[in-house]
Amino acid sequence: MLTINNLHASIDGKEILRGLNLQVNPGEVHAIMGPNGSGKSTTASVLAGKPEYEITGGEIIFQGENLNGMAPENRAAEGIFLAFQYPVEIKGVSNINFLKTAVNEIRAYHGLEPMPAKEFLNRIKEKQELVQFSNDLAKRSLNEGFSGGEKKRNEIFQLAMLEPKLAILDETDSGLDIDALRIVAHGVNSLRSKDNAFIIITHYQRLLEYIEPDFVHVLYNGRIVKSGTKELALELEEKGYDWLKSESRDYI
Ligand code: ADP
Ligand code: MG
Ligand code: MG
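Note that the coordinates shown come from a computational prediction; the quantities given were computed from them, not determined experimentally.

Novice: Looking at this structure, how should I read the overall build of the chain?
Specialist: In terms of helices and strands, the chain carries nine helices and 12 strands. With respect to the three principal axes, the spread of C-alpha positions in the chain is 55 × 40 × 35 Å. The buried share of the chain, reckoned over its 252 residues, is 37%. When contacts within the chain are restricted to residue pairs at least 6 apart in sequence, those whose partners lie at least 24 apart make up 70%.

Right, dumping it as structure tokens:
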């Protein structure tokens, strides 16, 4: 589904990603961990196509297509979903209208008519139950007056509504209490299928107790310096990241 080859990316002329490699297949959940400033959010932003980032080398192939140069909205329509680390508020746009626009833009891209109203409302109902969202939260202005936990649940609600092929969650767990964490994890676990994939960026191992990843990668200085299974996350929790400096001397 996704192949990242020797990716180099910069912002403001500063190189952040320095030869990142990653392969994600359908049905897989990959966790990316790493210390602050290692380039986790940059990786997510570059995948989503945020224009501030410049790809200076390497390639990103998504479903056989090179993403370098593809506009962010087309990437979204192709099935890439990025849940932001700090979800934005948009006054005057209800959550539901935002989603209706997003769903129908994706359909239009694939040459489909807008989703019939009844089907859309049924989907809203089904998916809001998944994240335990009240009608009030679904109808309110996008994220306006939402608590931190409600915003995070809203990200999963949006994800559920848009049914992306590749969902990238950037620190969706930061600042969540245990109940909200469980709701978020339950949402993700229910949405996992053999056809989609997740990249879960997290600073802590805690989320991975609830969402079991197939692979765990450590990003350090703009490269993946170590990959393993979920046991690697436990090891990182225990030892921190400093030991990787010596293990990955060639990289630094
Ligand atoms: P992480 O998510 O792993 O904590 P980031 O990808 O946010 O790391 O940041 C990686 C590096 O890029 C950091 O050194 C950060 O200061 C730098 N960086 C991020 N955004 C910008 C920006 N807009 N301008 C300059 N440097 C940036
Ligand atoms: Mg950070
Ligand atoms: Mg970050």
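Novice: Explanation requested: the environment of Leu142 in the structure shown.
Specialist: Tracing the sequence through the fold places Leu142 in strand E8 (residues 141-142). Judged by C-beta crowding, with 21 C-beta atoms within 10 Å, Leu142 ranks as buried. Leu142 sits 95 residues away from Glu237 along the chain, and the two C-alpha atoms are 35 Å apart.

Novice: In this structure, what is going on with the packing of helix H3 (residues 95-109) against helix H6 (residues 148-162)? I would like to understand it.
Specialist: Two packed helices can be described by the angle between their axes and the distance between those axes. Look at H3 against H6: their axes get within 10 Å of each other, and the N-to-C directions meet at 35 degrees. Handedness of the H3/H6 crossing: right-handed. Of the residues in H6, those touching H3 at Asn95, Leu99, Ala102, Val103 and Ile106 are Asn154, Gln158, Met161 and Leu162. Of the residues that constitute the contact of H3 with H6, the class distribution is six nonpolar, three polar and no charged.

Novice: Which parts of the structure should I look at to understand the nonpolar core?
Specialist: Nonpolar side chains tend to gather and get buried jointly when the protein is soluble and globular. If you look at the biggest cluster of nonpolar residues, it comprises 59 residues, and the most contacted ones within it are Ile168, Val184, Phe198, Ile200 and Val218. The element that contributes the greatest number of residues to this core is helix H7 (residues 178-191), accounting for six residues. With sequence-adjacent residues up to four places away left out, Ile168 is seen in contact with Ala44, Leu47, Phe81, Leu82, Ala83 and Ile199.

Novice: Could you clarify how one ought to interpret the environment of Gly57 in this entry?
Specialist: Within the secondary structure layout, Gly57 lies in strand E4 (residues 53-62). Taking the C-alpha atoms as reference points, Gly57 and Gln23, separated by 34 residues in sequence, lie 17 Å from one another. In contact with Gly57, other than residues within four places in its own chain, are Asn6 and His8.

Novice: Looking at this structure, I do not really get the site of ligand 1. What am I missing?
Specialist: What surrounds ligand 1 is the set Ile11, Asp12, Lys14, Ile16, Gly34, Asn36, Gly37, Ser38, Gly39, Lys40, Ser41 and Thr42. Among the secondary structure elements, those contributing two or more residues to the shell around ligand 1 are strand E2 (14-24) and helix H1 (40-48). In terms of residue count, H1 provides more of the shell around ligand 1 than any other element does, three residues in total. Grouping the constituent residues of the shell around ligand 1 by class yields two nonpolar, seven polar and three charged.

Novice: I'm lost on the pairing of strand E11 (residues 215-220) in this one. Help?
Specialist: Consecutive side chains along a regular strand alternate between the two faces of the sheet. Most of E11 sits out of view: five of its six residues are buried. Examined bridge by bridge, strand E3 (residues 29-33) and E11 share four bridges and lie parallel to one another. Bridging across to E11, His30 finds its partner in Phe215. In this sheet, strand E12 (residues 223-228) lies alongside E11 in antiparallel orientation, the contact comprising five bridges. Each residue of the ladder has a partner; that of His217, found in E12, is Ser227. Adjacent in sequence and paired antiparallel, E11 and E12 are bridged by two residues, among which Asn221 carries a positive phi angle near 55 degrees.

Novice: What am I meant to see in helix H4 (residues 117-130) here?
Specialist: For an α-helix the count is 3.6 residues per turn, leaving residues at separations of three or four pointing the same way. Spanning 14 residues, H4 covers 20 Å between terminal C-alpha atoms, matching the ideal 20 Å at 1.5 Å per step. Residues of H4 that are buried include every one of Ile124, Lys127 and Gln128, and no others. For H4, the angular spread of the buried residues around the axis is 100 degrees, confining them to a single face. Seen from the open side of H4, the exposed residues pointing more than 90 degrees away from its buried face are Lys118, Glu119, Asn122, Lys125, Glu126 and Glu129.

Novice: Whenever I open this one, the packing of H4 against H6 confuses me. Can you help?
Specialist: Where H4 contacts H6, the two axes come as close as 9 Å, and the packing angle between them is 140 degrees. Relative to H6, the element H4 is oriented oblique. In terms of crossing hand, the pair formed by H4 and H6 is right-handed. Two secondary-structure elements touch here, H4 through Arg123, Lys127, Gln128 and Leu130 and H6 through Phe157, Ala160 and Met161. Class assignment for the residues of the contact of H4 with H6 results in four nonpolar, one polar and two charged.

Novice: Whenever I open this one, the sheet that holds E11 confuses me. Can you help?
Specialist: Sheet strands associate in pairs through backbone hydrogen bonding, adopting either a parallel or an antiparallel arrangement. The sheet built from six strands is open, its strands ordered E6-E9-E10-E3-E11-E12 with mixed pairing. Two strands close off the open sheet at either side, each with one partner strand: strand E6 (80-83) and E12. Neighbour to neighbour, the strand axes of the sheet diverge by 20 degrees on average, direction disregarded. Packing of helix H8 (residues 230-239) onto the sheet brings it into contact with E3, E11 and E12, and relative to E11 it is tilted by some 45 degrees.

The rules behind these values
Residues numbered from 1 in each chain as written. Chains lettered and ligands numbered in written order. Predicted model: local features only at pLDDT ≥ 70, side-chain atom pairs only at ≥ 80, totals over all residues. Helix = DSSP H or I, 4+ residues; strand = E, 2+ residues; numbered from the N terminus. Buried ≥ 20, exposed ≤ 12 C-beta atoms within 10 Å, placed from the backbone. Contact = placed C-beta atoms within 7 Å. Axes fitted to C-alpha atoms, helices over the stretch in contact; angles between N-to-C directions. Left-handed = near helix turned anticlockwise from the far one by under 90°. Nonpolar A, V, L, I, M, F, W, Y, C, P; charged D, E, K, R; others polar. Core = buried A, V, L, I, M, F, W, Y, C linked by C-beta atoms within 7 Å. Near = placed C-beta within 6 Å. Pairing = 2+ DSSP bridges. Expected span 1.5 Å × (residues − 1). Arc of directions from axis to C-beta. Parallel < 35°, antiparallel > 145°, perpendicular 65-115°, else oblique.

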